[in-house]
Number of protein chains: 2
Amino acid sequence: MSTTPNWQERYNAKLIITFRVRVPDEHGRLAHLLKALAEAGASLGSIDLVDADSTHKVRDLQLFLTDEDRLDAAVEAVNRLDGYELVRIRDDVLEIHRHGTITTRALAPLETIMDLRMVYTPGVASVCQLIAERPEQAWKYTAKGNKIAIVTNGTAVLGLGDIGPLAGLPVMEGKAAILDRFVGVSAEPVLIDSHDPAEIIEIVAKIASQYGAIQLEDIAAPACFEIEETLDERLDVPVFHDDQHGTATDCRVVIAGAGAAGTAIARFLARMGVDDVIVCDSRGAVHAKREAGMNEWKRRLADETNRDNLDGPLEKVMKGRTVFIGVSRPNTVSREMIASMDEPIVFALANPVSEIPVTDALSAGAVVAVDGRGMNNALAYPGIFRGTLDARARSITYEMKLAAAEALAASAEAGLMPDMFDMAMHRRVADAVKRAAGSS
Amino acid sequence: MSTTPNWQERYNAKLIITFRVRVPDEHGRLAHLLKALAEAGASLGSIDLVDADSTHKVRDLQLFLTDEDRLDAAVEAVNRLDGYELVRIRDDVLEIHRHGTITTRALAPLETIMDLRMVYTPGVASVCQLIAERPEQAWKYTAKGNKIAIVTNGTAVLGLGDIGPLAGLPVMEGKAAILDRFVGVSAEPVLIDSHDPAEIIEIVAKIASQYGAIQLEDIAAPACFEIEETLDERLDVPVFHDDQHGTATDCRVVIAGAGAAGTAIARFLARMGVDDVIVCDSRGAVHAKREAGMNEWKRRLADETNRDNLDGPLEKVMKGRTVFIGVSRPNTVSREMIASMDEPIVFALANPVSEIPVTDALSAGAVVAVDGRGMNNALAYPGIFRGTLDARARSITYEMKLAAAEALAASAEAGLMPDMFDMAMHRRVADAVKRAAGSS
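This one's a predicted model, so the numbers in the text were calculated from it and none came from an experiment.

Right, let's talk about the overall build of chain A for a bit. In terms of helices and strands, chain A carries 18 helices and 15 strands. Dimensions of chain A, computed from C-alpha atoms along their principal axes, come out at roughly 75 × 70 × 40 Å. Counting across all 440 residues of chain A, residues that qualify as buried make up 57%. By element, 49% of the accessible surface of chain A is carried by carbon and sulfur atoms, the whole surface being about 17,900 Å². Of the side-chain charges in chain A, 47 are positive and 64 negative, and the distance between the mean point of each set is 3 Å.

Okay, the sheet that holds strand β6 (residues 147-152) of chain A next. Residues and elements named next belong to chain A. Overall, parallel pairing links the four strands, which are arranged β7-β6-β8-β9 in an open sheet. For this open sheet the edge positions go to β7 (186-191) and β9 (239-241), each flanked by a neighbour on one side alone. In this sheet, adjacent strand axes meet at a mean angle of 25° when their direction is disregarded. As paired strands, β6 and β7 are joined by six bridges and run parallel to one another. Residue pairing in the sheet places Ile148 in a bridge with Ala187 of β7. Strands β8 (213-216) and β9 of the sheet are contacted by helix α10 (residues 223-234), whose axis makes an angle of about 165° with β9.

Right, let's get into the interface of chain A and chain B. With 98 residues of chain A at the interface, the matching set in chain B holds 99 residues. Of the roughly 9,000 Å² buried between chain A and chain B on both sides combined, carbon and sulfur atoms contribute 66%. Interface area lost by chain A to chain B is led by Thr104, Tyr120 and Lys206 of chain A, which between them contribute 8%. At the boundary of chain A and chain B, one finds six salt bridges.

Turning chain A through 180° and shifting it by 0.0 Å along the axis lays it on chain B, with an RMSD of 0.1 Å. Here the symmetry operator amounts to a two-fold rotation axis. For chain A, the smallest separation between a C-alpha atom and the rotation axis is recorded for Thr104 of chain A, amounting to 2.3 Å.

This part takes up unusual backbone geometry. Note that the residue after Ala221 of chain A, namely Pro222 of chain A, is joined by a cis bond; omega there is 0°. Among the structural elements, Pro222 of chain A can be located in the loop between β8 and α10. Here the bond from Thr121 of chain B into Pro122 of chain B is cis, since omega is 0°, no more than 30 degrees from zero. When you line up the elements, Pro122 of chain B lands in the loop between α5 (113-119) and α6 (124-133). Residue Asp218 of chain A is not a glycine yet carries a positive backbone phi of 55°. Position of Asp218 of chain A relative to the elements: it lies in the loop between β8 and α10. When its relative accessible area of 4% is taken as the criterion, Asp218 of chain A is described as buried. A positive phi is found at His99 of chain B, a non-glycine position, where the angle reads about 65°. Take His99 of chain B: it is sitting in the loop between α4 (92-97) and β5 (102-106).

Turning to the packing of aromatic side chains, a few remarks are in order. If you walk through the whole model with that rule in mind, you get ten aromatic pairs over all chains. Between the aromatic rings of Phe268 of chain A and Tyr398 of chain A, the centroid separation amounts to 5.5 Å while the plane-to-plane angle is 55°, which identifies the pairing as tilted. Linking Phe268 of chain A in helix α11 (residues 260-271) with Tyr398 of chain A in helix α17 (residues 398-411), this pair joins segments that are 130 residues apart in sequence. The exposure class assigned to Tyr398 of chain A is buried, which follows from its relative accessible area of 14%. Measuring from ring centre to ring centre gives 5.6 Å for Phe240 of chain B and Phe385 of chain B, while their planes differ by 90°; the resulting arrangement is edge-to-face. Judged by its relative accessible area of 0%, Phe240 of chain B is buried. Under the relative-accessibility criterion, Phe385 of chain B is labelled buried at 0%. Directly above the ring of Tyr381 of chain A sits Lys175 of chain A, whose terminal nitrogen or CZ lies 4.2 Å from the centroid. Above the face of the Phe182 of chain B ring, Arg181 of chain B is positioned so that its terminal group lies 4.6 Å from the ring centre.

With that settled, consider the sheet that holds strand β10 (residues 253-256) of chain B. Residue and element names in this part refer to chain B. In space, the six strands of this open sheet follow the order β12-β11-β10-β13-β14-β15, with mixed pairing throughout. Edge positions in the sheet fall to β12 (284-285) and β15 (368-371), since each has one partner strand and no second. Direction of pairing for β10 relative to strand β11 (residues 277-281): parallel, over a ladder of four bridges. Bridge pairing in β11 places Val253 opposite Val277. Relative to β10, helix α11 (residues 260-271) is tilted by about 160°, and along the sheet it contacts β10, β11 and β13 (323-326).

This paragraph deals with the pattern of salt bridges. In this structure the tally under the stated criterion is 60 salt bridges over all chains. As a salt-bridge pair, Lys175 of chain B and Glu217 of chain B come within 2.9 Å of each other at their nearest N and O atoms. Taken together, the residues span a long stretch of sequence, with Lys175 of chain B in helix α8 (residues 165-183) and Glu217 of chain B in the loop between β8 (213-216) and α10 (223-234) at a distance of 42 residues. Taking the relative accessible area as the measure of exposure, Lys175 of chain B reaches 0% and is therefore buried. Shared partners join several salt bridges into a network, and the residues in it are Glu199 of chain A together with Glu202, Lys206 and Arg234 of chain B.

Moving on, we come to the confidence of the model for chain A. For chain A, per-residue confidence averages 89 on the pLDDT scale, and residues scoring 70 or more make up 92% of the total. Overall fold confidence (pTM) sits at 0.80, and the ipTM for the predicted complex is 0.80.

Our focus in this paragraph is a negative patch on the surface. Residue and element names in this part refer to chain A. Where like charges cluster on the molecular surface, the negative patch consists of Asp67, Glu68, Asp69 and Asp72. Among the structural elements, Glu68 can be located in helix α3 (residues 68-80). By relative accessible area, which is 43% here, Glu68 ends up partly exposed.

For the rest of this paragraph, the subject is the environment of Leu44 of chain A. The residue Leu44 of chain A is located in strand β2 (residues 43-52) in this model. Taking the C-alpha atoms as reference points, Leu44 of chain A and Gln62 of chain A, separated by 18 residues in sequence, lie 5.9 Å from one another.

This paragraph deals with the side chain of Gln62 of chain A. For Gln62 of chain A, the location among the structural elements is in strand β3 (residues 56-65). Setting aside anything within four residues of it in sequence, one finds Gln62 of chain A in contact with Ile16, Ile17, Thr18, Ser43, Leu44, Gly45, Ser46 and Asp92 of chain A together with Met118 of chain B.

Below, the discussion takes up a nonpolar patch on the surface. Residues and elements named next belong to chain A. On the surface, Ile345, Val367 and Val368 cluster together into a nonpolar patch covering about 220 Å² of accessible area. Note that Val367 resides in the loop between α15 (358-363) and β15 (368-371). Residue Val367 is classed as exposed on the basis of its relative accessible area of 53%.

This part takes up the state of the cysteines. Residue and element names in this part refer to chain A. Taken as a whole and assessed by the stated rule, the structure comprises zero disulfides over all chains. Looking at the unpaired Cys280, the closest cysteine sulfur is the one in Cys251, lying at 16 Å. Among the residues examined, Cys280 registers a relative accessible area of 2% and is labelled buried.

We now examine the pairing of strand β1 (residues 15-24) of chain B. Residues and elements named next belong to chain B. Counting buried positions along β1 yields eight of ten residues, so the element is predominantly enclosed. In this structure, β1 lies alongside strand β3 (residues 56-65), joined through ten bridges in antiparallel fashion. Looking at β3, one finds that Val21 is bridged to Arg59. Bridge count between β1 and strand β4 (residues 85-91): six bridges; the pairing is antiparallel. Across the sheet, Val21 pairs through a bridge with Leu86, a residue of β4.

Each value, and the rule that gives it
- Residues numbered from 1 in each chain as written.
- Chains lettered and ligands numbered in written order.
- Predicted model: local features only at pLDDT ≥ 70, side-chain atom pairs only at ≥ 80, totals over all residues.
- Heavy atoms only, no water.
- Helix = DSSP H or I, 4+ residues; strand = E, 2+ residues; numbered from the N terminus.
- Buried < 20%, exposed > 50% of the residue type's maximum accessible area, 1.4 Å probe, protein only.
- Areas by Shrake-Rupley, 256 points an atom, 1.4 Å probe, with all protein chains shown as cover.
- Lys, Arg positive; Asp, Glu negative; His and termini not counted.
- Charge placed at Lys NZ, Arg CZ, Asp CG, Glu CD.
- Pairing = 2+ DSSP bridges.
- Axes fitted to C-alpha atoms, helices over the stretch in contact; angles between N-to-C directions.
- Contact = heavy atoms within 4.5 Å.
- Buried area = accessible area lost by both parts, 1.4 Å probe.
- Salt bridge = Lys/Arg side-chain N within 4 Å of Asp/Glu carboxyl O.
- Least-squares fit on C-alpha atoms with pLDDT ≥ 70 in both.
- Phe/Tyr/Trp six-rings, centres within 6.5 Å; stacked < 30°, edge-to-face > 60°.
- Lys NZ or Arg CZ within 6 Å of the ring centre and 35° of its normal.
- pLDDT = per-residue confidence, 0-100.
- Patch = residues over 30% accessible without salt bridge, like charges linked within 9 Å, V, L, I, M, F, W, Y side chains within 5 Å.
- Disulfide = S-S within 2.5 Å.

Structure (structure tokens):
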């Protein structure tokens with residue numbers, strides 16, 4: 001019952017709103033309404049029929065809107081029309097998040113007293129005793145073998161910055177929902193109210209025993225590096241900072257953004273043998289002689305990238321490069337900057353709005369241009385965790401990440417992104433990661 | 001397809017085992033097998049038919065066994081029979097716990113790219129922003145409003161003692177499974193590897209933001225008192241130590257066990273106006289003049305109970321009392337001790353085996369006798385948490401607990417325990433708790 005929304009138009013939609021409208025049941029009146037809404041700046045999504053009487057049809061019209069002003073204009077447009085009634089306005093994004101997007105469910109049957117006596121007391125005591133004697137049996141007889149923690153302190157949530165862990169919860173829930181839906185992995189958010197890496201490490205180490213893997217999520221650099229490195233050494237299960245991975249040719253690469261994602265991509269490329277990479281932060285290119293705004297992690301980065309020690313702003317170092325990878329801020333790259341590159345492939349991945357609209361990058365000469373909507377770490381991480389848990393791996397190695405990247409690449413049809421809803425794709429990524437874990 | 005197991009016989013069953021046996025398909029051969037098993041000391045549960053061919057029937061026979069020796073004897077009994085084959089032996093309790101008894105599930109639909117864009121990036125950003133600006137909106141647009149943490153350090157798991165948090169996980173999972181099944185509350189286990197109350201308080205406080213309530217579970221006394229008191233003050237959501245509650249008349253009461261449960265029951269009774277209560281620990285009656293084995297919490301207990309400062313072992317102080325509440329250790333009360341009481345009501349609640357078998361207590365003169373199988377905190381806590389979350393209460397008050405106890409009592413039919421599978425009973429407890437929260 002849905003029309004196909006125009007992708008290009010809703011590209012920058014900030015609001016997804018559904019209007020419920022009573023429309024006079026006469027020839028041409030729906031078309032009239034749609035025209036008025038389009039003129040008010042709304043892009044149309046699904047149109048559903050929800051009720052009808054002898055004189056009217058009640059319809060839900062989904063609208064993609066760039067801002068609150070457009071919403072006001074759309075409301076006014078409907079109110080101006082004679083005989084139409086705007087019954088209700090619903091924020092679809094809030095609605096889908098109402099009561100959260102995940103819940104804990106019983107897996108075991110609880111239909112008889114006997115079930116209760118086995119799942120809970122007194123029967124459960126024998127399971128506890130078994131695990132007390134042989135802790136590795138927890139992998140088999142608790143949820144541990146299929147469960148990960150998604151840990152955040154909320155300091156780098158999407159492009160929103162340090163909004164705190166509770167405000168980051170909808171992202172953690174969304175991630176957990178995706179893990180259940182696509183690979184059947186059980187994930188629990190862990191929100192830590194702390195900015196101190198040492199404290200975060202200590203807390204995670206003390207609560208980690210029930211998880212088969214730990215995913216660090218949306219923790220700002222450089223704290224995330226120390227946390228990942230220390231915990232991965234200390235714990236006997238993998239610790240993985242998603243923003244550093246999950247999203248990776250002879251090419252000259254420029255990376256905008258020296259945070260968690262930028263740093264990890266640069267290192268991953270270096271390990272893949274891509275030896276001409278320059279990383280820029282807000283002060284320009286990171287290089288070995290730079291002193292302003294450096295820290296331990298950026299110094300390591302300077303050692304491992306930018307072999308010619310180029311300096312200057314992003315605009316300067318982009319010239320003549322063949323690949324742009326943006327993991328920085330919305331709207332920081334101009335058409336001119338893209339035009340200065342050499343047949344560029346553009347990954348403009350800033351969240352929630354990219355460094356440059358894909359359409360602008362293409363019209364400025366990009367051979368290929370994708371953003372975080374087309375290319376999302378959600379393609380990779382479900383399979384990575386499924387494979388990691390299946391292998392009961394102690395770490396997520398470079399080989400496992402590379403296997404995931406290759407499986408994804410193989411799943412992509414000529415020039416197209418892999419399809420998130422292709423369950424076989426997730427299975428292939430998981431199997432590749434599991435194999436790589438076994439052989440590493 | 002199940003026979004009704006004999007409750008009395010399986011009462012002390014430690015093992016619940018299913019034998020798969022190929023039984024010759026001739027008149028009387030099944031009866032022959034059942035007789036042999038019964039003679040070997042096995043109590044029979046369900047008998048299912050799983051396969052058949054021209055000469056045999058394959059049956060699953062569930063056995064309740066008191067110990068490993070009886071299991072060996074049962075195996076031998078089958079093997080001795082001519083023409084029968086023991087195909088497989090399955091531990092039913094382990095089997096029901098395989099892969100754990102809970103999992104995280106997606107609540108939101110994830111069937112289209114549009115769903116993904118609303119549940120996850122980029123749409124989720126607007127939910128994060130809303131909560132960053134108005135944190136109380138997390139109650140509405142995340143799982144918080146329906147979610148509790150079940151926190152343990154594994155120091156007092158059932159009657160097993162300090163087996164550590166991971167070995168306690170099957171209990172936490174079972175509890176969470178019950179909460180989902182009976183009242184739709186989402187619960188996540190939190191395992192804390194620490195014996196230090198201050199550290200546990202700190203960790204819980206730092207990770208608590210996503211929960212609508214905190215349940216402390218199976219944490220040994222006296223650490224649990226300090227943890228509950230401090231956290232309940234510090235957090236703006238209720239903190240509840242289940243073992244102290246969930247399981248409570250002019251009467252003379254003796255309580256065996258001065259741990260978390262015994263202490264809480266004594267205080268609860270005191271608040272209910274029952275003023276003649278004596279609490280015993282392993283050193284006998286707790287009283288104001290005692291010095292050995294006392295601590296801050298037991299001193300408080302001594303002030304609040306045992307008004308006549310009776311001393312001596314449990315055996316002595318039980319004489320002439322009307323109510324026995326056991327929350328101590330298996331098999332610590334004799335028939336003689338029950339016989340010394342005055343028309344006693346006996347609650348022998350030690351886990352997983354009671355202080356005295358119900359049958360022994362009854363034959364020794366108890367008017368009523370129940371154990372943890374008949375009377376379990378699982379009757380109370382689902383409704384308590386449902387009502388607490390529904391009321392969005394900041395604490396679980398005495399009034400709320402009393403309301404739960406009264407609703408439970410009203411649900412019990414004359415002389416019988418309330419029925420765990422009576423969903424309306426859980427709803428009544430929840431509603432009573434919610435009302436009490438509103439009026440307190």
